[in-house]
Structure formats: structure tokens, C-alpha cells
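Listed here are the chains, written in short residue letters.
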Amino acid sequence: MGAGFHGGFGKTSGSNERYRIGKIVEPISKTYEMALDPVKYAEAVVKKYNINLKGSGQVVKIVFNPKLGMGQFGRTRKDAPNVIEIGPSALYSEKQLANTIAHELNHVRSYLRGGKAPEETAYPAGDALQSYIEGGR
């Protein structure tokens, strides 16, 4: 049989976990240690959402940059393509931090492939994860 209803479409292995429309992901209980160490908090979010911090075979590092201004959640630079900088604005909430990491990871991978890092592909990457967190996928 083909894919449609009788072919089992929508009942694939793991579909109950991947497609959780209407089910919001509960945030991590942020510890005192995480509040004092933004990188530790980011690492907990990466682990929770199974974000693969690699690009072109290289490990990607997250660093906290307190100098990033309000509204600048994160930054990835072409001269340090395997480093994601997160700023204070990214720490507003777990879903904002996850969105920022996914967004910046898209830039990292673009730079590591030798290309430019366009915003039009990075925003959907972060927004897709945030939609999942909010129960939209």
C-alpha cells in the first residue's frame, strides 16, 4: 500500500513524540548554578532539545557575551565560525535561548560550508524549534 490513511501515514515510529501539536514543552527547572553561568544553562537547553552542536565535522562552542546589546540575542562571526555567542537577551526564556541557538547554528553551518550566513534560512531554523516548544508542531 501507499502512504495515505490505509498505508499507516501519520502512525510512523516516533510520531507521537515528534508531532505534539497542542502540547507545550515544560521549561527546565533553572538552578542557581545555571542562573550564574549562562553557558551551563545553554548546555542544559542543548541537551534537552538534542541540538547537535556540530558543523562540517567541527564541534561548535557556545560562549556568553555580556556586551551584546538589548535585542541582539546571539551572534556568529565568519572569522570564528564554530563559536556561537549568546547575549543577555537570549536568556529571557528557555524557548528564546533554544531559538537563538538553533538560529545561530544555522549561521555556523553556512560559514563552515564556506558560504554566507543569510538570515532568511536562519530564522526558520530557530522558529521551527520554538514552534515545537510552544506546541505548534
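For the structure itself, look to the data block above.
Residues numbered from 1 in each chain as written. Predicted model: local features only at pLDDT ≥ 70, side-chain atom pairs only at ≥ 80, totals over all residues. Heavy atoms only, no water.

Some points on the sheet that holds strand E5 (residues 80-86)
Taken together, the three strands give an open sheet; going across it, the order is E3-E5-E4, and neighbouring strands pair in mixed fashion. Both outer strands of the open sheet, strand E3 (61-64) and strand E4 (74-77), are each paired with one neighbouring strand and no more. Along the sheet, successive strands turn relative to each other by an average axial angle of 25 degrees, direction set aside. Strands in contact with helix H3 (residues 38-48) are E3 and E5; relative to E3, the strand with the most contacts, it is inclined by about 145 degrees. Where helix H4 (residues 94-112) meets the sheet, its contacts fall on E3, E4 and E5, and the angle it forms with E5 comes to roughly 165 degrees. (Pairing = 2+ DSSP bridges. Helix = DSSP H or I, 4+ residues; strand = E, 2+ residues; numbered from the N terminus. Axes fitted to C-alpha atoms, helices over the stretch in contact; angles between N-to-C directions. Contact = heavy atoms within 4.5 Å.)

Section: unusual backbone geometry
In terms of backbone geometry, most residues other than glycine have negative phi values and most peptide bonds are trans. Unusually for a residue other than glycine, Asn50 sits at a positive phi of about 55 degrees. Within the element layout of this structure, Asn50 appears in the loop between H3 and strand E1 (54-55). With relative accessibility at 69%, the residue Asn50 sits in the exposed group. Even without being a glycine, Ser56 presents a positive backbone phi close to 50 degrees. Among the structural elements, Ser56 can be located in the loop between E1 and strand E2 (58-59). (Buried < 20%, exposed > 50% of the residue type's maximum accessible area, 1.4 Å probe, protein only.)

What to know about the environment of Pro124
Mapped onto the fold, Pro124 is located in helix H5 (residues 119-133). For the pair Pro124 and Asn106, spaced 18 residues apart in sequence, the C-alpha separation works out to 9.4 Å.

Observations regarding H4
Its 19 residues place the ends of H4 27 Å apart at the C-alpha level, agreeing with the 27 Å of an ideal helix rising 1.5 Å per residue. The element H4 is extensively covered by neighbouring structure, given that 15 of its 19 residues are classed as buried. Looking one or two places after H4, you find Gly114, whose phi comes out positive at around 90 degrees. (Expected span 1.5 Å × (residues − 1).)

Quick word on the nonpolar core
Core analysis: the biggest nonpolar cluster contains 25 residues, and Leu53 and Leu97 have the highest contact counts within it. Of all the secondary-structure elements, those providing two or more residues to this core are H3, E5, H4 and H5. Considering every element that reaches this core, the biggest residue donor is H4, with seven residues. (Core = buried A, V, L, I, M, F, W, Y, C linked by side-chain atoms within 4.5 Å.)

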